[in-house]
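Understanding the architecture of this molecule
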Amino acid sequence: MQLASQHGNTTKIEIGPGYLSLGFLTSLDQKLFKSCDKVEMVFSENSMLTSEGIVDWSKWIHSLPILRADQEKKIPMIHLFQCPVSVTRQFDLLINNAPENFVVESFFVPFFNEESNEAKSMLLVRDTHFTDDSLQIPQCLDSAGNAMELDVVPKVYFSFLRKLKKFP
Amino acid sequence: MTIHYDGSDDRLKLILNQKSSISAPQEIFITETKDIPQGHKNGIHCLYADMDSLELFKSIKDSDIRHVIPKNREKLESDFDFFIRLLQQKKLCLECFETQLPYGAPLAQFTFPISETIDKIALHQGIKDFLLKKNINSSIVDVVLQSSYELVSNVIYDAPQSYEARFPNSTSSQQIKVWGKICIVLYNEKILIYALDHFGSLNLDDMLEKVVSAHGKNSLQTDGPVGAGIGCKMIFEHMSDIFVFLEDKKNTLVGGVIPLNLGLLRARSSSKLFHFIQV
């Protein structure tokens, strides 16, 4: 389920669990985006991005004034919260069109322990675990207290932190 | 039938010596690069190399190679036996899967209408319930759900435009042809997942072109079209084995194997096995 609401100069979009069919974004009243300074998009950890979702996202982004230089409109910043792994993995496709207009506020990172065959994801939060040029990944433990390993290629997964020079 | 291999891998040579009496419909050429020697055009071409999914699809695109067997896997002999069994099949290769699967392997299969209005969420809830009952970890559940979603989408997207016209007054036996099937089997720390349709109309070259192109994309410049290969890219990355079987104008099967015990990172970076069989 998706909810969109406006609070002052901020438009908030909450995206529920399940497959991310983002077609609803283009059907939202565009005034929600044209009359605000800031868009907050809050994902559910259990939402899953599909190829259709990527296409829907692309259509939505292209419908916004942020990419249309011909329009006299101040540009709303889009803040992304609780980005699930499937979304973070596709940041190169999702936010590369206008990276300066997106701020990743928090995102999930997957971990895996081969011996226990346990998988887990951990939420990293801006200014607590990362900034644009720094990244501090806390230790993640499985249910038996054993350290788990990052289950991604850091240089690829964290590439949206453009100013980050040293990857874990 | 002769198997030609001019490489230097002793492990493979030993296996091939043991298999010298096997029968296959054509000569088999095994190479370690995608360059097929001149004069070897007629035959079955298999690349023996370790590649990720992008390298793999780049290598087989615009080439006669239709099989890839990785070097660095433990069960090379088993991979090779499977390859030969596939070549010996005269029909769609479901029987080959069955020989790979232990008796009683947990299996879930769902039929779905090939229609834009399909309720994919309801379909995949059944898959999710099956996986959670088998205690599959959450990250693998997500990958399987994503793969099944994309496989079902591909069946619907790739359905011939004319299929409704072909069955204007379909009887019940014809009606079944507009249903697809998705199947998930758990065995030996792996998940086999495939989608089957009864069109037999998949164009491998188109699929390879789109998948390679999708790998190169780092942004969608326009209203990205559905069917741009992004879905295939997303699912094949996670698979250790990838299968495309085509029985012309009858059946198409696309699927693969997701390892359960590697984690997503190692599964993505693992060397891929690939078979395309057309009968």
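Here the residue numbering is sequential within each chain, running from 1 through the sequence in written order. Note on labels: chains are lettered from A, ligands numbered from 1, in written order. Under the rules for a predicted model, residues below a pLDDT of 70 receive no local features and side-chain atom pairs below 80 are neither given nor counted, while totals for whole chains, interfaces and linings still include all residues. Here the side-chain values reflect all heavy atoms present in the structure, with hydrogen atoms and water set aside.

1. Section: the interface of chain B and chain A
Interface size is commonly expressed as the accessible surface area that is lost when the partners come together. The test is simple: Contacts are assigned to residue pairs with any non-hydrogen atoms lying within 4.5 Å of each other. Whenever a carboxyl oxygen of Asp or Glu lies within 4 Å of a side-chain nitrogen of Lys or Arg, that contact is scored as a salt bridge. Secondary structure elements follow DSSP: runs of H or I of four or more residues count as helices, runs of E of two or more count as strands, with numbering from the N terminus. Residue type decides the class: Asp, Glu, Lys and Arg count as charged, Ala, Val, Leu, Ile, Met, Phe, Trp, Tyr, Cys and Pro as nonpolar, and the leftover types, Gly among them, as polar.
Across the contact, 36 residues belong to chain B and 26 residues belong to chain A. Across the contact surface, chain B and chain A share one salt bridge. With a closest N to O distance of 2.7 Å, Glu114(A) and Arg266(B) form a salt bridge. If you list the elements that add at least two residues to the side of chain B that touches chain A, you get helix H5 (120–133), helix H6 (138–158), helix H10 (230–237) and helix H11 (263–269) of chain B. Taken together, the residues that form the side of chain B that touches chain A break down as twelve nonpolar, 15 polar and nine charged.

2. A look at the packing of helix H1 (residues 10–18) of chain B against helix H3 (residues 76–88) of chain B
Residue and element names in this part refer to chain B. Quick note on the threshold: Note on method: axes are straight lines fitted to C-alpha atoms, helices fitted across the in-contact stretch only, with angles between N-to-C directions ranging 0 to 180 degrees. Note that the term roughly parallel is reserved for angles under 35 degrees, roughly antiparallel for angles over 145, roughly perpendicular for angles of 65 to 115, and oblique for everything else. Working rule for handedness: look at the near helix, and if it is turned counterclockwise from the far one by less than a right angle, call the crossing left-handed; if clockwise, right-handed.
Between H1 and H3, the shortest axis-to-axis distance is 10 Å and the interhelical angle comes to 45°. In terms of axis orientation, H1 runs oblique to H3. The handedness of the crossing between H1 and H3 comes out as right-handed. The segment H1 lies against H3, with Arg 11, Leu 12, Ile 15, Leu 16 and Gln 18 engaging Leu 76, Glu 77 and Phe 80.

3. Section: unusual backbone geometry
Residue and element names in this part refer to chain A. Rules: Exposed residues in this analysis have more than 50% of their type's maximum accessible area, buried residues have under 20%, and partly exposed residues fall in between, with area computed by a 1.4 Å probe over protein chains only.
The phi dihedral of Gln 82 falls on the positive side, at around 55°, and the residue is not glycine. With respect to the secondary-structure elements, Gln 82 resides in the loop between strand E6 (77–81) and helix H4 (85–88). By relative accessible area, which is 31% here, Gln 82 ends up partly exposed. Residues other than glycine seldom take positive phi values, yet Asp 127 does so here, at roughly 70°.

4. Some details on the pattern of salt bridges
Residue and element names in this part refer to chain B. Summed over all chains, the structure comprises eleven salt bridges over all chains. For Lys 71, the salt bridge is made with Glu 32, and the minimal N-O distance between the two is 3.0 Å. One end of the pair, Lys 71, is in the loop between strand E4 (65–69) and H3; the other, Glu 32, is in the loop between strand E2 (28–31) and strand E3 (44–48), with 39 residues separating them in the sequence. According to the relative accessible area criterion, Lys 71 is partly exposed, its value standing at 27%. One continuous salt-bridge network, built from bridges that share partners, spans Lys 61, Asp 62 and Glu 209.

5. Considerations on the environment of Glu237(B)
Residues and elements named next belong to chain B. Turning to its location among the elements, Glu 237 is positioned in helix H10. Judged by its relative accessible area of 10%, Glu 237 falls in the buried class. With 172 residues separating them along the chain, Glu 237 and Ile 65 place their C-alpha atoms 20 Å apart. Not counting residues up to four positions away in its chain, the partners in contact with Glu 237 are Ser 53, His 215, Ala 267, Arg 268 and Lys 272.

6. Some thoughts on the packing of H6(B) against H10(B)
For any two helices packed against each other, one specifies the crossing angle of their axes together with the interaxial distance. All names here are of chain B. The interhelical angle for the contact between H6 and H10, taken along N-to-C directions, is 145°, at an axis separation of 9 Å. Between H6 and H10 lies a crossing whose hand is left-handed. On H10, the residues touching Gln 146, Ser 147, Glu 150, Leu 151 and Asn 154 of H6 are Gly 231, Cys 232, Met 234 and Ile 235. Each residue belonging to the contact of H6 with H10 can be placed in one class, and the counts come to four nonpolar, four polar and one charged.

7. Remarks on the packing of aromatic side chains
Residue and element names in this part refer to chain A. Keep this limit in mind: Aromatic rings from Phe, Tyr and Trp, taking only the six-membered ring of Trp, are treated as a pair when their centres fall within 6.5 Å; an angle between ring planes under 30 degrees marks them as stacked, one over 60 as edge-to-face, and anything in between as tilted.
Following the criterion strictly, the structure yields 13 aromatic pairs over all chains and no others. Between Tyr 157 and Phe 158, the aromatic rings sit 5.4 Å apart at their centres with planes inclined by 90°, giving edge-to-face as the arrangement. Of the residues examined, Phe 158 reaches a relative accessible area of 0% and is grouped as buried. In textbook terms, an aromatic cluster arises when at least three aromatic residues are bridged by ring pairs, as seen for Phe 91, Phe 107, Phe 130, Tyr 157, Phe 158 and Phe 160.

8. Some thoughts on the sheet that holds E2(B)
Hydrogen bonds between backbone groups are what pair the strands of a sheet, and the pairing can be parallel or antiparallel. Residue and element names in this part refer to chain B. Stated precisely, the cut-off is as follows: Pairing between two strands is assigned when DSSP locates at least 2 bridges connecting them.
Ordered by their spatial adjacency, ten strands build an open sheet running E1-E2-E3-E4-E10-E8-E9-E7-E6-E5, and the pairing between neighbours is mixed. Here the strands that pair on one side only, and so sit at the sheet edges, are strand E1 (3–5) and strand E5 (107–113). For this sheet the average axis-to-axis angle between neighbouring strands, irrespective of direction, equals 20°.

9. A short note on the pairing of strand E6 (residues 179–187) of chain B
Residues and elements named next belong to chain B. Counting buried positions along E6 yields seven of nine residues, so the element is predominantly enclosed. In this sheet, E6 lies alongside E5 in antiparallel orientation, the contact comprising seven bridges. Pairing of Phe 112 across the sheet is with Gly 180, part of E6. Pairing of E6 with strand E7 (residues 190–197), which is carried by seven bridges, proceeds in the antiparallel orientation. Residue pairing in the sheet places Cys 183 in a bridge with Tyr 194 of E7. Connecting E6 to the antiparallel partner E7 that follows it, the hairpin turn spans two residues, and Asn 188 within it adopts a positive phi of roughly 45°.

10. Considerations on the layout of surface pockets
All names here are of chain B. This is how the line gets drawn: Of the two site types, the cavity is a set of points on a 1 Å grid over the protein atoms alone where a 1.4 Å probe fits but cannot get out, and the pocket is an open set with protein on both sides within 12 Å along at least five of seven lines, each lined by residues with an atom within 4 Å of a point. Grid points are joined across faces, edges and corners, and a volume is the space filled by probe spheres set on the points.
Within this model, the largest pocket holds a volume of roughly 790 Å³. Surrounding the largest pocket, 24 residues form its lining, Arg 73, Glu 74, Lys 75, Lys 190 and Ser 240 being those nearest its centre. Here the lining of the largest pocket is composed, by residue class, of seven nonpolar, nine polar and eight charged.

11. Remarks on the environment of Ile78(A)
Position of Ile78(A) among the secondary structure elements: in strand E6. In this structure, the C-alpha to C-alpha distance between Ile78(A) and Pro110(A), residues 32 residues apart in sequence, is 24 Å.

12. A look at the nonpolar core
Here is the rule we go by: Each nonpolar core is a collection of buried residues, namely Ala, Val, Leu, Ile, Met, Phe, Trp, Tyr and Cys, held together in the definition by side-chain atoms within 4.5 Å.
Phe57(B), Leu131(B), Val144(B), Ile191(B), Phe236(B) and Phe274(B) are the most contacted members of the largest nonpolar core, which totals 56 residues. Discounting residues that sit within four places of it in the chain, Leu131(B) has contacts with Ile136(B), Val141(B), Val144(B), Ile184(B), Leu186(B) and Ile191(B). The next biggest cluster of nonpolar side chains, apart from the first, holds 49 residues, and it includes Met41(A), Phe91(A), Phe130(A) and Ala214(B).

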